[in-house]
Amino acid sequence: MPEQYDVICVGTGFATSFFLLAYLKKAKPTERILVLERGRLDTLGWQLDNKRSSSVDPKDTYINRHKYKQWDYNPGFGGGSNRWWACTPRMMPNDFQLETKYGVGIDWPISYDEIEDYYYQAELAMAVSGPNDGSPYPRANPYPQPPHMFSDADRMFKKAYPDKYFIQPTARARVETANRNSCCAHGYCTICPIDSKFTILNEMAYLYDDPRVTLLMEATVRNVETRGNLATGVTYFIDSGYKTAESDLVVLGANTIFNPFILLKSGINHQLTGKYLREQVSKYVTIDLDGIDNFGGSTSITGHGYMLYDGDHRSSHAGCLIESLNVPHAFSLRPLRGRWRQRLIIKTVFEDLAREDNYVKISDENPDLPETVYSGHSDYAQRGIDALPELIAKMLSGLPVDNFEIAKRVNHTDSHIIGTVVMGNDPAKSVVDRYLIHHDYRNLVVLGSCTFPTASPANPALTLSALSLWSADHLMGKAV
Ligand SMILES: Cc1cc2nc3c(=O)[nH]c(=O)nc-3n(C[C@H](O)[C@H](O)[C@H](O)COP(=O)(O)OP(=O)(O)OC[C@H]3O[C@@H](n4cnc5c(N)ncnc54)[C@H](O)[C@@H]3O)c2cc1C
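My aim in this report is to walk through the structure given alongside it, one point at a time. Predicted model only: the values in this text are computed from it and were never measured.

## Considering the sheet that holds strand β3 (residues 63-64)
On the basis of which strands lie adjacent, the open sheet formed by three strands has the order β3-β14-β13 and mixed pairing. Looking at the sheet topology across the chains shown, the edges are occupied by β3 and β13 (359-362). In this fold helix α7 (residues 255-265) packs onto β13 and β14 (370-373), with an angle of close to 40° to the strand it touches most, β13.

## Focus: the site of the ligand
Every one of the 35 residues lining the ligand counts as a neighbour, but Ala15, Glu37, Gly80, Val221 and Ala461 are closest to it. Ala15 places a polar main-chain atom, nitrogen or oxygen, 2.8 Å from an oxygen atom of the ligand. At 2.6 Å, a side-chain N or O of Glu37 approaches an oxygen atom of the ligand. Burial of the ligand by the protein chains amounts to 95% of its free accessible area of 1000 Å². Those elements that place two or more of their residues in the shell around the ligand are α1 (14-26), β2 (33-37), β6 (220-227), α7 and α9 (461-475). If you tally residues by element for the shell around the ligand, the top one is α7, at three residues. Taken together, the residues of the shell around the ligand sort by class into 18 nonpolar, 13 polar and four charged.

## Topic: the pattern of salt bridges
Across all of its chains, the model carries 26 salt bridges by this definition. Of the charged contacts, one joins Glu218 and Arg40 as a salt bridge, the two residues approaching to 3.5 Å between their closest N and O atoms. Of the two residues, Glu218 sits in the loop between β5 (213-217) and β6 while Arg40 sits in the loop between β2 and α2 (44-50), which places them 178 residues apart along the sequence. Three or more residues joined by partner-sharing salt bridges are found here, namely Asp288, Arg334, Arg339, Arg343 and Asp402.

## Observations concerning the nonpolar core
Counting residues in hydrophobic clusters, the biggest one holds 100 residues, and the most contacted among them are Phe18, Ile33, Met126, Phe198, Leu252, Leu444 and Leu467. Top element by residues in this core is α1. It accounts for nine residues. Those residues within four positions of Leu444 in sequence are excluded, and the remaining contacts are Val224, Ala231, Val250, Leu252, Leu263, Ile268, Leu436, Ile437 and His438. Residues Ile385, Leu388, Ile392 and Leu396 belong to the second largest nonpolar core, which totals 34 residues.

## Some remarks on the state of the cysteines
Counted by the stated rule, this structure contains zero disulfides. As a non-bridged cysteine, Cys189 has Cys183 as the owner of its nearest cysteine sulfur, 6.0 Å distant. When its relative accessible area of 6% is taken as the criterion, Cys189 is described as buried. Note on Cys192: no disulfide assigned, nearest cysteine sulfur contributed by Cys184 at a separation of 6.4 Å. The class for Cys192 is buried, based on a relative accessible area of 7%.

## Section: the sheet that holds strand β10 (residues 301-305)
The strand order across the open sheet formed by six strands is β4-β10-β11-β12-β9-β15, and the pairing between neighbours is antiparallel. Across the chains shown, the open sheet's two edge strands, defined by having one partner strand only, are β4 (165-167) and β15 (401-406). Going across the sheet, the axis of each strand differs from the next one's by a mean of 25°, ignoring polarity. Across five bridges, strand β9 (residues 281-289) lies against β15 in antiparallel orientation. Looking at the pairing, Thr286 lines up with Glu405 of β15.

## Let's talk about α7
Counting buried positions along α7 gives nine out of 11 residues, so the element sits mostly inside the fold. Those residues of α7 lying buried are Thr256, Ile257, Phe258, Asn259, Pro260, Phe261, Ile262, Leu263 and Leu264. Those residues of α7 that are buried lie in contact with β1 (3-10), β6, β8 (241-252), β13, β14 and β16 (444-446). The N-cap of α7, judged by a side-chain oxygen 2.9 Å from the amide nitrogen of Ile257 a few residues on, is Asn255. Looking one or two places after α7, you find Gly267, whose phi comes out positive at around 75°.

## Remarks on the environment of Thr454
Looking at the element boundaries, Thr454 is found in the loop between β16 and α9. Owing to a relative accessible area of 3%, Thr454 belongs among the buried residues under this scheme. Sequence separation between Thr454 and Lys69 is 385 residues; the distance between their C-alpha atoms is 19 Å. The contacts of Thr454, once residues within four sequence positions are left out, are Asp95, Leu98, Gly105, Ile106, Trp108, Arg278 and Ile418.

Thresholds, definitions, all that
- Residues numbered from 1 in each chain as written.
- Predicted model: local features only at pLDDT ≥ 70, side-chain atom pairs only at ≥ 80, totals over all residues.
- Heavy atoms only, no water.
- Pairing = 2+ DSSP bridges.
- Helix = DSSP H or I, 4+ residues; strand = E, 2+ residues; numbered from the N terminus.
- Contact = heavy atoms within 4.5 Å.
- Axes fitted to C-alpha atoms, helices over the stretch in contact; angles between N-to-C directions.
- Near = heavy atom within 4 Å.
- Polar contact = N/O pair within 3.5 Å; in protein donor to acceptor, adjacent residues only side chain to side chain.
- Areas by Shrake-Rupley, 256 points an atom, 1.4 Å probe, with all protein chains shown as cover.
- Nonpolar A, V, L, I, M, F, W, Y, C, P; charged D, E, K, R; others polar.
- Salt bridge = Lys/Arg side-chain N within 4 Å of Asp/Glu carboxyl O.
- Core = buried A, V, L, I, M, F, W, Y, C linked by side-chain atoms within 4.5 Å.
- Buried < 20%, exposed > 50% of the residue type's maximum accessible area, 1.4 Å probe, protein only.
- Disulfide = S-S within 2.5 Å.

Printed below as a string of structure tokens:
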């Protein structure tokens, strides 16, 4: 007989962990929750010793035939939190209403105001450090941690653009927490050597020790079981065999590649499942400074520039978020005697719009794996990239800058995989509703940035975590 649970969750990344954070607060003491994670629990010690964030190579888990485009994720307990850079901007209010405001893309079925408090709850759980001298988006509460320190190059931008340039919000601790050290701005930050950045391992692993939760590692969910229009459980592979578990609610938090794959393998074939795969599109710009010494900020990415982000230009080309790097490695230094610090590298991150010809499908070659099919980014993003030389020249005019150089190619990944199970009010144009519940299977929840209808320039993890809290609260009956 299959084991019975109240809830089955798939994955242990941001999506599932933030769902559990809200869900467990209101769940009955007798509730039984099964969590299935395909990867292993690779401790920080293991990651540092082995110089990689997962003992499972993500490339073995899906097929990507594209020569240049990569899709980066981290299989294992805590998912991408082991590998992320911990940049935690919120999206801007207009990101939720691109179509209404600028006549492009599609509106979200949720407004910024509706999830403002969920943003704050997610920031509290991650102990986010952020600016205290203004904000690009409205905030009801201050950031949980004090701000990090700007570099002198950031101060140059802040002086020129006081209302558009801010200290970057980040889940790298400014002051130590019970579980984390304060950031040392060391620069090798993918696996944080001093355990300063927020991970599920260091701040939320306790959720999985809850007596109501059963966690099975190295358990790969193949499909959701269904009866009529109900999800009845999942079938998963563990210890070289398949098992089935049953539940009243199924929650997929397996990310933008695997959530649609699991749905497709289950025969849950909404016509948009897997569609609109994309990321933001980014390019580095190297700026040689005139008399300003860079570095000296207190974390690896210190500034966020909104000069090219929101405004009427979004009717014709993509908005762009600027990140300033405070990473004093060889490639960031200026090869000029006495002036090696007078260089600033910024990343320009453009939003992208959906394309029909970018999607996740069941691989024809190996039906046990998903395959990503990618034809390129949108013309909208490309027009933003084409405008970059003029935009950067204008942005830097009058500033103490010798020259700048824009990278020739866009980066092969921005590590922010978006789309494939989009949310909306209209079941003909979206797969899940505003609470991330599948339109056709009302006890099936799909979490993560796969549900984002548009790919704002902002990093996605804070928003997707806030949405997990919002979805769980809705399911637990809070009037929202
Ligand atoms: C190098 C890098 C840097 C990044 N930096 C940032 C940043 O600074 N800011 C930001 O906002 N975002 C960042 N991201 C993106 C961020 O990590 C992701 O958006 C986030 O991890 C997605 O969360 P998730 O829970 O939806 O999915 P994941 O974190 O990918 O978790 C999904 C989990 O599900 C498991 N799983 C998958 N399939 C199955 C299955 N069939 N059965 C069981 N388990 C399964 C996976 O093993 C994984 O552990 C970065 C990502 C990378 C790779």
